[in-house]
Amino acid sequence: MTTKHNESAFRMIANPYLLKKKHIHTITHKTFTTKLHEVFHEEYPDCYFHKDFLNEITTHIQEHIHNYQIDSYIHNFVDECIENALSEFDTKN
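**Structural notes on helix 3 (residues 51-92)**
Inference 1: Helix length check: helix 3 (42 residues) gives 61 Å between terminal C-alpha atoms against 62 Å at 1.5 Å per residue, within 8%.
Inference 2: Of the residues making up helix 3, those classed as buried are L54, I57 and T58.
Inference 3: On its buried face, helix 3 is in contact with helix 2 (32-43).

Shown next, in the form of structure tokens:
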């Protein structure tokens, strides 16, 4: 004669994986500064880099990328204007 409580206990004994806690998988995205810190730590394991220093480097990198994007846009725009002017000149002659 088994009760409901005893039946669940027997199930736990027979299936110990039921005691295992369920893992919730979360996806975390590291920031650029965190990744930069990891790279610096790997390259210079004996050096400590303050958070402000890494933020300064991050700012410089972002500024360089922004300037590069602007230069690239301007370069493409100027090239397109020159090509359009040349093609119009060719069609008139």
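**A look at the pattern of salt bridges**
Inference 1: Counting across every chain of the model gives 1 salt bridge.
Inference 2: With its nearest N and O atoms 2.9 Å apart, the salt bridge here joins K30 to E38.
Inference 3: What makes E38 partly exposed here is its relative accessible area of 32%.

**With respect to the packing of aromatic side chains**
Inference 1: One pass over the full model with this rule turns up 6 aromatic pairs.
Inference 2: Centroid distance F40 to F53: 6.5 Å. Interplanar angle 65°. Geometry classified as edge-to-face. Here F40 is found in helix 2, whereas its partner F53 is found in helix 3, with 13 residues between them in sequence.
Inference 3: Taking the relative accessible area as the measure of exposure, F53 reaches 37% and is therefore partly exposed.

**A closer look at a nonpolar patch on the surface**
Inference 1: Side chains of I70, Y73, I74, F77, V78, I82 and L86 sit close together on the surface and give an oily, nonpolar patch of about 680 Å² of accessible area.
Inference 2: Tracing the backbone through its elements, the reader meets I74 in helix 3.

The rules behind these values
Residues numbered from 1 in each chain as written. Predicted model: local features only at pLDDT ≥ 70, side-chain atom pairs only at ≥ 80, totals over all residues. Heavy atoms only, no water. Helix = DSSP H or I, 4+ residues; strand = E, 2+ residues; numbered from the N terminus. Expected span 1.5 Å × (residues − 1). Buried < 20%, exposed > 50% of the residue type's maximum accessible area, 1.4 Å probe, protein only. Contact = heavy atoms within 4.5 Å. Salt bridge = Lys/Arg side-chain N within 4 Å of Asp/Glu carboxyl O. Phe/Tyr/Trp six-rings, centres within 6.5 Å; stacked < 30°, edge-to-face > 60°. Patch = residues over 30% accessible without salt bridge, like charges linked within 9 Å, V, L, I, M, F, W, Y side chains within 5 Å. Areas by Shrake-Rupley, 256 points an atom, 1.4 Å probe, with all protein chains shown as cover.

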